[in-house]
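# Reading the structure
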Amino acid sequence: MTSASSTSSSAAAHAAQSNYYRPSRLMRAVRFGLTTSERLWPALGVRAAHRIFGTPLPLKWLYRAQAPGAAWRREAWSFENASLGLYHLATQDSGAESAPVVLLVHGWGGHAGQMLTLAEAVANAGLRPVLLELPAHGRSAGMMSNAPQFARAISYVVARLVADGHALRAVVAHSMGANALGVAAAQGLRAERLVLLAPPASAREFTRYFTHTFGLSEKTRLAMQRLFEAQEGFLMAQLEPAAVGPRIVQPTLIVHDRDDRVNRFADAQAYRDAIKGAQLVATQGLGHRRILKEEGVIQQVTRFIARAD
């Protein structure tokens, strides 16, 4: 059993290197509300913490102006109690309709527009990029989501594309999207190659960071984790590299920056060690999101997915 002191140390260590929940007036107000609820009505505190934990930040309406532009045609697909957005390159020539598809997936709190640079490189390589916008993100319906739902969404979209006659050359995913891609691949995803960009290794560690940031107790953290697991029918341990990696059979490229302050470089190393034959490319000085636009990274990812085995 993990002692309270070691749990606190782990949370503090993660918090020290992560800046996902950046200090702000809003974060201070949320912290006050959660700690007050925890003290006065513990069950309400757990439910409130679970809701905040499952709400992507920044809120999706802040990014709607950054959606892919007129060159992209959007489809809305119903999915569970929300929806998905798929963007197809409307300006690509008709011959590209039969080209292998590359599905590009953003991360937690992200949006499809963040994957545009990669998508354009994919199109220039003669492949067909499709941007996926996940529930509760961008223009997709929903207010809450999580990694298991991300994984189900990726699996569903790939299955529908394959059923429609498309060959899936690769799925490229960033941050928590990459974690979800690992889960989907371990369950038999029909894609030839995988690219994991800045993946997080442990949802449980993130709950520790979350509760540390908002001043909540280990008792609340554990109750929040159990509520998440009960609702999803999915243990957090099943999201980790040691659980999914040995079941991934596709050639896999992992790209992670050593200065990433959202997800640790050690997270990428955990995936590399768990996935047979996985290749890890380490960058320096790009952080968590600039790897999505850096020319050298774009070239390496494109070369990896353009190869047909």
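Above this text is the structure in question.
Now for a quick tour of the structure.

### Quick look at the overall build of the chain
If you tally the helices and strands in the chain, you get 11 helices and 8 strands. In the chain, which comprises 309 residues, the share counted as buried stands at 56%. Contacts in the chain between residues at least 24 apart in sequence constitute 75% of all its contacts with a sequence separation of at least 6.

### Here's the deal with the pairing of strand 1 (residues 72-79)
Bridging between strand 1 and strand 2 (residues 82-89) involves 8 bridges; their strand directions are antiparallel. Across the sheet, residue serine 78 finds its bridge partner in strand 2, namely serine 83. If you look at the hairpin formed by strand 1 and strand 2, you'll find 2 residues sitting between the two strands, and glutamate 80 has a positive phi there, around 50°.

### Regarding the pairing of strand 8 (residues 279-283)
When strand 7 (residues 252-257) meets strand 8, the two strands line up parallel, connected through 5 bridges. Bridge pairing in strand 8 links histidine 256 to alanine 282.

### Some remarks on the packing of aromatic side chains
Per the counting criterion, the structure on display carries 11 aromatic pairs. Here tyrosine 21 and tyrosine 209 contribute two aromatic rings whose centre-to-centre distance is 5.8 Å and whose plane-to-plane angle is 40°, an arrangement assigned as tilted. With tyrosine 21 in the loop between helix 1 (4-17) and helix 2 (25-40) and tyrosine 209 in helix 7 (residues 203-213), this residue pair connects regions lying 188 residues apart in the sequence. For the residue pair tyrosine 21 and tyrosine 209, the accessibility class agrees, reading buried in each case. Between tyrosine 21 and phenylalanine 214, the ring centres sit 5.2 Å apart and the planes meet at 75°, which makes this aromatic pair edge-to-face. You can see tyrosine 21 sitting in the loop between helix 1 and helix 2 and its partner phenylalanine 214 sitting in the loop between helix 7 and helix 8 (218-232), a full 193 residues away along the chain.

### Remarks on the packing of helix 5 (residues 147-163) against helix 6 (residues 176-186)
Running from N to C, helix 5 and helix 6 cross one another at 60°; their axes reach a closest spacing of 8 Å. The element helix 5 and its partner helix 6 pack so that their crossing is right-handed. Across the interface between the two elements, Ala147, Phe150, Ala151, Ile154 and Ser155 from helix 5 touch Met176, Gly177, Asn179, Ala180, Leu181, Val183 and Ala184 from helix 6. Among the residues forming the contact of helix 5 with helix 6, the class breakdown is 9 nonpolar, 3 polar and no charged.

### Considerations on the packing of helix 4 (residues 116-124) against helix 11 (residues 295-306)
At a minimum axis separation of 10 Å, helix 4 and helix 11 run at an interaxial angle of 45°. Accordingly, the angle class assigned to the pair helix 4 and helix 11 is oblique. Seen along the crossing, helix 4 lies across helix 11 with a hand that is right-handed. Counting all contacts with helix 4, which are made through Thr117, Leu118, Ala121 and Val122, the residues of helix 11 involved are Ile298, Val301, Thr302 and Ile305. Split by residue class, the contact of helix 4 with helix 11 holds 6 nonpolar, 2 polar and no charged.

### Some details on helix 7
Where burial is concerned, most of helix 7 is hidden: 8 out of the 11 residues are buried. Within helix 7, the full set of buried residues consists of Ala203, Glu205, Phe206, Thr207, Arg208, Tyr209, Phe210 and Thr211. One or two residues past the end of helix 7 sits glycine 215, with phi positive at roughly 70°.

### Describing the side chain of glutamate 133
Structurally, glutamate 133 can be placed in strand 4 (residues 128-133). We note that glutamate 133 is buried and unpaired, the nearest opposite charge coming from arginine 74 at a distance of 4.4 Å. In this structure the side chain of glutamate 133 is engaged in a polar contact, spanning 2.9 Å, whose partner is the backbone nitrogen of alanine 112. Discounting residues that sit within four places of it in the chain, glutamate 133 has contacts with Arg74, Leu84, Gly85, Tyr87, His106, His111, Ala112, Gly138, Arg139 and Ser140.

### Section: the nonpolar core
One finds Tyr21, Leu103, Leu132, Ile154, Leu189 and Phe210 to be the most contacted residues of the largest nonpolar core, which totals 65 residues. The leading source of residues in this core is helix 5, at 9 residues. Apart from the residues within four sequence positions on either side, leucine 132 is in contact with Leu84, Gly85, Leu86, Leu103, Leu104, Val105, His106, Ile154 and Val157. If you look at the next biggest cluster of nonpolar residues, it comprises 29 residues, including Ala112, Leu197, Leu286 and Ile305.

### Some remarks on empty space enclosed by the protein
Sizing a probe to match a water molecule and rolling it over the atoms shows the empty space that remains. Taken as a whole, this structure holds 2 cavities of 30 Å³ or more when the rule is applied. Space inside the largest cavity adds up to approximately 380 Å³. Around the largest cavity, the lining comprises 26 residues; the ones closest to its centre are Trp108, Met176, Pro200, Ala203 and Phe206. Looking at the lining of the largest cavity, the elements that each hand over two or more residues are helix 6 and helix 7. Per-element accounting of the lining of the largest cavity gives the leading share, 3 residues, to helix 7. Classifying every residue of the lining of the largest cavity gives 13 nonpolar, 9 polar and 4 charged. Counted as a void, the second largest cavity has a volume near 60 Å³. If you go around the second largest cavity, the residues you meet are Gly107, Trp108, Gly109, Gly110, Gln114, His174, Ser175, His288 and Arg289.

Calculation notes
Residues numbered from 1 in each chain as written. Predicted model: local features only at pLDDT ≥ 70, side-chain atom pairs only at ≥ 80, totals over all residues. Heavy atoms only, no water. Helix = DSSP H or I, 4+ residues; strand = E, 2+ residues; numbered from the N terminus. Buried < 20%, exposed > 50% of the residue type's maximum accessible area, 1.4 Å probe, protein only. Contact = heavy atoms within 4.5 Å. Pairing = 2+ DSSP bridges. Phe/Tyr/Trp six-rings, centres within 6.5 Å; stacked < 30°, edge-to-face > 60°. Axes fitted to C-alpha atoms, helices over the stretch in contact; angles between N-to-C directions. Left-handed = near helix turned anticlockwise from the far one by under 90°. Nonpolar A, V, L, I, M, F, W, Y, C, P; charged D, E, K, R; others polar. Parallel < 35°, antiparallel > 145°, perpendicular 65-115°, else oblique. Lys, Arg positive; Asp, Glu negative; His and termini not counted. Salt bridge = Lys/Arg side-chain N within 4 Å of Asp/Glu carboxyl O. Polar contact = N/O pair within 3.5 Å; in protein donor to acceptor, adjacent residues only side chain to side chain. Core = buried A, V, L, I, M, F, W, Y, C linked by side-chain atoms within 4.5 Å. 1 Å grid on protein atoms, 1.4 Å probe; cavity = no way out; pocket = protein on both sides within 12 Å on 5 of 7 lines; lining within 4 Å. Points joined across faces, edges and corners; volume = space filled by probe spheres on them.

None of the figures reported here should be taken as evidence of function without further support.
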